[in-house]
Every structure is written in C-alpha cells, then in structure tokens.
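# Structural overview for review
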Amino acid sequence: MNIGNQCCVFLSTFLCISICLGEDYDLDDKTGLGRSFDGIGSLSGGGATSRLLVNYAEPYRSQILDYLFKPTFGASLQILKVEIGGDAQTTDGTEPSHMHYEDDENYFRGYEWWLMKEAKKRNPNITLIGLPWAFPGWVGNGENWPYSFPDITASYVVSWIFGAKQYHDLDIDYVGIWNERSFNSKYIKLLRYTLDKSGLERVKIIASDNLWEPISSVVIADKELQDAVEILGVHYPGTNTVPEALKTGKKLWSSEDYSTFNDNVGGGCWARILNQNYVNGKMTATISWNLVSSYYEDLPFERDGLMTAKEPWSGNYVVESPIWITAHTTQFTEPGWTYLQTVGHFTHGGSYVALTDERGNLTIITETMTHDHSVCIRPPLPSYDVTDQNVTFHLKGTFASISELQVWHSRFDFKTNKTALFQNIKPIKVTEGSFSIELDVDEVYTFTTVRNGQRGSYPDPPPSAPFPKSYKDDFDVSGNPYFSEAPNFADQTGVFEYFTNQTDPGPHVSTLRQVVTQRPVTWVADADQTISVIGDYQWQDLMVSCDIYMESVHAGGVFIAVRVNKGGGVVRSTRGVFLWVYADGTYKVTNDLNGMTVLAEGMSGTRARVWYTLTLTVKGNYASADLDGYPLWKNAVLWEPRHGWAAIGTSSFELAQFDNFAIEALA
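What counts and what doesn't
Each chain has its residues counted from 1, running along the sequence as written. Local features in this predicted model are restricted to residues of pLDDT 70 or higher, and side-chain atom pairs are both shown and tallied only at a pLDDT of 80 or more, whereas totals for entire chains, interfaces and linings draw on every residue. Where side-chain values are given, they derive from all heavy atoms of the structure, hydrogens and water being excluded. Residue ranges labeled as domains rest on an automatic or database domain assignment. Only heavy atoms enter the contact rule, under which two residues are in contact if any of them lie within 4.5 Å. Two parts placed together each lose some accessible area; with a 1.4 Å probe, that loss summed over both constitutes the buried area. The rule for a salt bridge is simple: a side-chain nitrogen of Lys or Arg has to be within 4 Å of a carboxyl oxygen of Asp or Glu. Under the rule applied, a polar contact is a pair of N or O atoms within 3.5 Å (in protein, one hydrogen donor and one hydrogen acceptor; residues adjacent in sequence only if both atoms are side-chain atoms). Strands here mean DSSP runs of E at least two residues long; helices mean DSSP runs of H or I at least four residues long; both are numbered from the N terminus. Partly exposed residues are those whose accessible area sits between 20% and 50% of the maximum for their type, while under 20% is buried and over 50% is exposed, using a 1.4 Å probe and protein chains only. In this charge count, Lys and Arg are treated as positive and Asp and Glu as negative; neither His nor the chain ends contribute. Angles shown run from 0 to 180 degrees and are taken between the N-to-C directions of axes, each axis being a line fitted to C-alpha atoms and, for helices, limited to the stretch in contact. What sets the label is the angle itself: under 35 degrees gives roughly parallel, over 145 gives roughly antiparallel, 65 to 115 gives roughly perpendicular, and the rest give oblique. It is the rotation of the near helix from the far one that decides the hand of a crossing: anticlockwise by less than a right angle makes it left-handed, clockwise makes it right-handed. Under the scheme applied here, ten amino acids are nonpolar (Ala, Val, Leu, Ile, Met, Phe, Trp, Tyr, Cys and Pro), four are charged (Asp, Glu, Lys and Arg), and all others, including Gly, are polar.

### Let's talk about the domain arrangement of the chain
According to the domain assignment, the chain contains domain 1 (26-373) and domain 2 (470-665). Here the C-alpha centroids of domain 1 and domain 2 sit 35 Å apart. Contacts between domain 1 and domain 2 engage 44 residues on the former and 36 residues on the latter. Summed over both partners, the interface of domain 1 with domain 2 comes to about 3,000 Å²; 54% of that surface belongs to carbon and sulfur atoms. Where domain 1 meets domain 2, there are one salt bridge. For Arg109, the salt bridge identified is with Glu497, shortest N-O distance 3.5 Å. Between domain 1 and domain 2 we count 20 residue pairs in polar contact (both at pLDDT 80 or more) in total. Element by element, the count of residues in the side of domain 1 that touches domain 2 is highest for helix H4 (residues 137-140), at three residues.

### Quick word on the side chain of Glu256
By secondary structure assignment, the location of Glu256 is in strand S9 (residues 251-258). Within the buried core, Glu256 has no salt-bridge partner, and the shortest N-O distance to an opposite charge, that of Arg378, equals 4.9 Å. Within the structure, the side chain of Glu256 is placed 2.6 Å from the side chain of Tyr236, a separation counted as a polar contact.

### So, the packing of helix H3 (residues 112-122) against helix H5 (residues 150-168)
Between two packed helices, what matters for the description is the angle formed by their axes and the separation of those axes. It is the contact of H3 with H5, at a shortest axis distance of 12 Å, that shows an interaxial angle of 60 degrees. By the angle between their axes, H3 is oblique relative to H5. Note on packing geometry: the crossing formed by H3 with H5 is right-handed. Facing H3, whose interface residues are Trp113, Met116 and Lys117, H5 presents Trp160, Gly163, Ala164 and His168. Broken down by class, the residue content of the contact of H3 with H5 amounts to four nonpolar, two polar and one charged.

Rendered as structure tokens:
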C-alpha cells in the first residue's frame, strides 16, 4: 500500500496526473446532497434462524449479542427485523404465534421479544421492524391466503405491535407486508387505517417486501396507496432498481438481501452490495438474511448469517467476515446521515460511497471486490473486471478543510489465506483537500473523521464439539419459562411449547406440548404431520425414549424418530425411522414422515389420555421398539437413511404432550 502523492520527474504534468496518481474523484456537498441513509441491519426469522442462540449459556450469549448490536464494537447493527411468528415453517423452522387461536393471546412465546430487547439494551436507537411470513390457520379462515378477510389480518398484526409495547416496552418502527406472494392493495390501505385508528401513526409500512413491481407502478397510480406506504422494500435486488420505483419518490430499501454462505466470498458479497445498493439502486438501507446462523447446520441455507452460533451445548461461536464488513459502514455512520451525490464506480472496478452528518463529519467507504470473490446466492452476477488502481479523492465544499482521516482496512486474501479484516491503520493526511491511495483488488477501506471505531474482541470461546451423545430433558419449569420452547429442539412443522398441567398434578405436571391444531397460512409446504428435531445429524445408531400423551380421543397419534434426514422447507419429504402409536390401539414403524413406507405394524393397546413410554433403538440395519418396557417388535430391517437427527411429533395438527425425553447415541 502506498498513501500520498507520488513524484513523476520525467513526465509532463498531464501524464503525471494520469499515470502516477491514477483516476481522480471529487467528493463535494456544495451542489447538494443525495438521499438520507437509513441504516444497515439484519433479520431474525423467516424462519427460526436464531433458534439455538437463546440456549447459549453466559457469557457466550451476551458476547454474541455484543458482536451483533453493541455500537462501535462489532457489526453495530442499526436495524433489526424480526418475524412475527405464524406457527408455520418459514425456511429453517417454525416460530410461534402470539395468537394460536382467535381467542388466545400470549406475548411471551418465542425468542424474538427477547432478542429485540437485547438489541435495544445495546443500541437504544436501533430501528425495529416486524414482518409476518405466515399466519395461524384461523386468520385465513380455512384458506391458505391471509387477505380474504383483511380486517382480521390487519387486527392480528396490530395486536402484535401493541403487545410489543405493552409487555416489553418495545416501539416497533415499521411493519412489512406478507412476502413471497402478490401484495394486496386493499390490505395495505386497511392496515394503514387500522394503525392510525389505533394511535399507531408513527408505525410506517414497508411494501411489498418482495419485488419492485407491480408495487411501484401501482403506488404511482393510486394516491391512497401512495399515502399508506412509507418504504418500497425489495428482496435480493442485485443492487439495481427500476425507473418506476425512483419515480415514486419513496425511500427504497433492500429489505432482505445477502443470504449467502458466510465465508470470505460471502463477506465479499456483503461488501459489494452494501456500497452498490446505493450507487446503482439508490437504496438507503440494506437488511441481511439472516442475523446469525443459529440453527442446525444441515437445515437449508447453512451459515447464511452474519456470524455463526450453532453450538449452545459447547459454547462455540465464530465471528465471521460479514461482521467486520458491516462495521466498515455502521461504526462510522448513523441513520440520518446523508449520502453525497458524488458517489459511484471506480474506473477500474469497485465502488465508493461517502456520507456526512452535515456537521462536518465525513465517512468514505470503498470496495474493490472481484467478481468471483463477491458472488451472492442470488441473483446471478454479471461478469465484470476489477484491477489494481491508484485513486485520488478531492474533498471539496464543507470538507475542503479536512486535514486528516482515520483509516480502517480489510483485505481478502484468497491465495495465501492471510485475510485481514477491519484493521485500524495509520491515519491519512489530506493535503490541500486531496489524498491518494493505491487500491488492490478484494479490499475494503473506510476513511473517516469519526475517531471512535473499535475492533471489539473477547477471549476465544470454547472449542467446537458435537451434540452430547447422552442427553435428557424432563421439561420441568417453575412458573413462566424464560423461553417457551425447550432447549435445542428445532420445530419444523407445528409448535412445541412448555405446558404446565394444573388440573393433573403428578409426575407429568410440566411437559412439552404440540399446540397447533389447524394448518397455518403458509408459503412453504408444511408437512401434514408436526415434527421437532434435535441432536447430531451424523448420528447413526441411537436409542431414544420419551413419555407420550395423546389428547385426541379418536384420531390421536404421536411418534418418536431417529435418523431424520430433512427439515426446513423440504420437511414433507423427510425420511428416517419413525415409531408411531395411535389412540385406536395400533402402532407402526415407517421409513418416512408421511407414513407410506411401513416397516412393521400391529396392535399396541394404546389409547388417548394415558401416559406411555416409548423407546426406539436403531443399530445398523435393524430397528426395535418398546412400549412401557415391553417389546413392540424386534429387528425390523431398514436401509436408508444412514444417519440423521432424533425427533418427536404428531400424526396431524393435534394436541399431544411429551415428557422425560432421553437420547443415547450408540455410534
């Protein structure tokens, strides 16, 4: 790296400027400013992506949260967007609704309330957004569509906003529209009306939380819709916008972006889009999916978070490169700063943005990420070239008197693996309003008047370790549990919550209960059965036992399972070894969740509203099971799958309880 003006003795003045100093770029506010910066953020949900985070012990859980939210420490996130749980599978699991049923309200389910409070604790100014990915079945009144009764849907969403304030003192700033499906103008207007009627005028609407069109054209043509929508939000825009979106005059956000494996190529993706979302698309906020990769690694979209925290049992977590790439912007800006109009692309590849607080401070972020080292998961990235270059910035207008800038530097090294991230290097002198710098490929720089940046750190967390081979949970809790789900269980269809049976004191007074009794309104294919997975995906030979209680007298059915090989949005096609017992006195063992491949079946004598203990053992190609200590069958033959999680679940959307769960991994 060479900072400063270089000398050219034998060349003319013109050649000296073009060869020795390279290209020149003006940063000037005297001709006006660009758009107001709204922040960089991330998304918990869509779905269940923070599931394992809540199970971390201290101090590791707080350390992870500091890396995400603490100002001038790590990512220093300025926006947190969370899923409004809808009891449905929304990518990597389900999140519980605050209203499972029409006459049911509970604002302590799930972990998003806790996460928002922890974010606010660290950054009181963080922007909070809620977005439903799904809805409990009653909202759709039997249809897989939330807009047939828009007044019900609007009231449901507004109740969540009220609950956030009443029970957690959280002010929600924005609410999004159900994504991944066509937006509904009538609903958006009704939601705006309902918010205003409820005294929530300050809560603004983001729409359509999907594509630029048709929302942009409709907003232009519909004055009432234009008044209802504050932000045009889009998913995975590829840094580009459309003319109609710009014509609306609305703020433009990339309201879901990134979704890329968080290695150094993922960090390069994030670096490129954070700059170019504004340079190319005039988007003033970018929100990463997802916040933290805190779900089992063999679920879909493994490690698509800003950092990785998937082992609460060991305490291990990894601060990945996107954390420090985020810091290049967030530690030296705040929402309300303004982009300069003089931002853009470098002649030889890469981009630069500059922002000011309009009180004399200036922050410049440059990136020179090459194509192959900054590919995002979507959309496809057109080819382009980046080469080493020498650039000169000329600070004009308000910034002409700046004499020194702090410098923070990241360099991705894909050859020798000597990547260095977010390093505070020697300040750069600004001479007569100008400074020059050599930019190598795959680098990120921040030049800033802000002096309080910090590369926060903690002692190394414990080493990575597999899920314990011996594991037990009796689901006993006293009073209201801190979280409504049992540790390490990852619900894939249905919702399994702590339950205290006050009418039946005895050994099973505190249990885990599957509570969803109606198929939710969802945009992915939830299974017909409910299922929650746990453990190590590499487990092969395993014994799992659990006490079970069917509540449906005529149609009840529950299972325990091993070698469960799929979850997330493909949970319907899950295979494994499933031991089912039914309230009609029968049992079967199947090789799949939908019960089509039967390995054994017979009479069990089971009925509803009686506790039973099921035990399932799999060794090699053979499976056996016991009911209350008596064999149901021995040595059923199976071939696939060879490994997978343990699981519990029900044969349909029905109430059922589980207790005294235990695992012994045999191999």
